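Structure assessment
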Amino acid sequence: MWVEENNKLYKKFQFQNFSEAFAFMTRVAIEAEKMNHHPYWSNMWNTVEIWLSTHDAGDIVTDLDHQLAQKIDKLS
């Protein structure tokens, strides 16, 4: 479940290994690029953490962030 805190949507994803985590990040990158809406994220071995906010709106959570979050959930 995505959590909204500090004007960002946040979710942590865990996978079996680094390859699965990296493959997930690649799928997310393709969707984010299509939307021209790019996440802040980190990856450590099998864990990917993602924070979403809209810079152009003053770094707050907007409908665009929720749309990307829904797409990301379908990719995980």
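Of the regular secondary structure elements, the protein holds two helices and four strands. Walking the protein from its N terminus toward its C terminus, one meets helices and strands in the order β-β-α-β-β-α. Against the globule reference of 11 Å for 76 residues, the protein gives a C-alpha radius of gyration of 12 Å, in line with a compact fold. Taken over the C-alpha atoms alone, the protein extends approximately 35 × 25 × 15 Å along its principal axes. Each of the 76 residues in the protein was classed as buried or not, and the buried ones make up 37%.

Taken together, the four strands give an open sheet; going across it, the order is E1-E2-E4-E3, and neighbouring strands pair in antiparallel fashion. Sheet topology places strand E1 (3-5) and strand E3 (40-44) at the edges, where each strand pairs with a single neighbour. Averaged over all pairs of adjacent strands, the angle between their axes in this sheet comes to 20°, without regard to strand direction. The pairing of strand E2 (residues 8-14) with strand E4 (residues 47-52) spans six bridges and is antiparallel. Across the sheet, Gln14 pairs through a bridge with Thr47, a residue of E4. Set on the sheet, helix H1 (residues 18-35) makes contact with E2, E3 and E4; between it and E3 the angle comes to about 165°. The strands touched by helix H2 (residues 63-75) within the sheet are E1, E2 and E4, with E2 carrying the most contacts at an inclination of about 10°.

Nonpolar side chains collect at one region of the surface, where Phe18, Phe22, Met44 and Trp45 lie side by side and expose about 500 Å² of accessible area between them. Structurally, Phe22 can be placed in helix H1.

In this structure, Thr62 sits in the loop between E4 and H2. Sequence separation between Thr62 and Lys34 is 28 residues; the distance between their C-alpha atoms is 17 Å. For Thr62, the contacting residues outside a window of four places in its chain are Thr54 and Ala57. Within the local environment of Thr62, its side chain forms a polar contact with the side chain of Thr54, the two groups lying 2.6 Å apart.

Time to look at unusual backbone geometry. If you check the backbone angles, Asn7 has positive phi at about 60° while not being a glycine. Looking at the element boundaries, Asn7 is found in the loop between E1 and E2. Here the phi dihedral of Trp45 falls at roughly 50°; this positive angle occurs in a residue that is not glycine. Mapped onto the elements, Trp45 comes out in the loop between E3 and E4.

So, how was this worked out
Residues numbered from 1 in each chain as written. Predicted model: local features only at pLDDT ≥ 70, side-chain atom pairs only at ≥ 80, totals over all residues. Heavy atoms only, no water. Helix = DSSP H or I, 4+ residues; strand = E, 2+ residues; numbered from the N terminus. Rg over C-alpha atoms; globule rule 2.2 N^0.38 Å. Buried < 20%, exposed > 50% of the residue type's maximum accessible area, 1.4 Å probe, protein only. Pairing = 2+ DSSP bridges. Axes fitted to C-alpha atoms, helices over the stretch in contact; angles between N-to-C directions. Contact = heavy atoms within 4.5 Å. Patch = residues over 30% accessible without salt bridge, like charges linked within 9 Å, V, L, I, M, F, W, Y side chains within 5 Å. Areas by Shrake-Rupley, 256 points an atom, 1.4 Å probe, with all protein chains shown as cover. Salt bridge = Lys/Arg side-chain N within 4 Å of Asp/Glu carboxyl O. Polar contact = N/O pair within 3.5 Å; in protein donor to acceptor, adjacent residues only side chain to side chain.

From the geometry alone we can't say anything about function, so treat these as descriptive.
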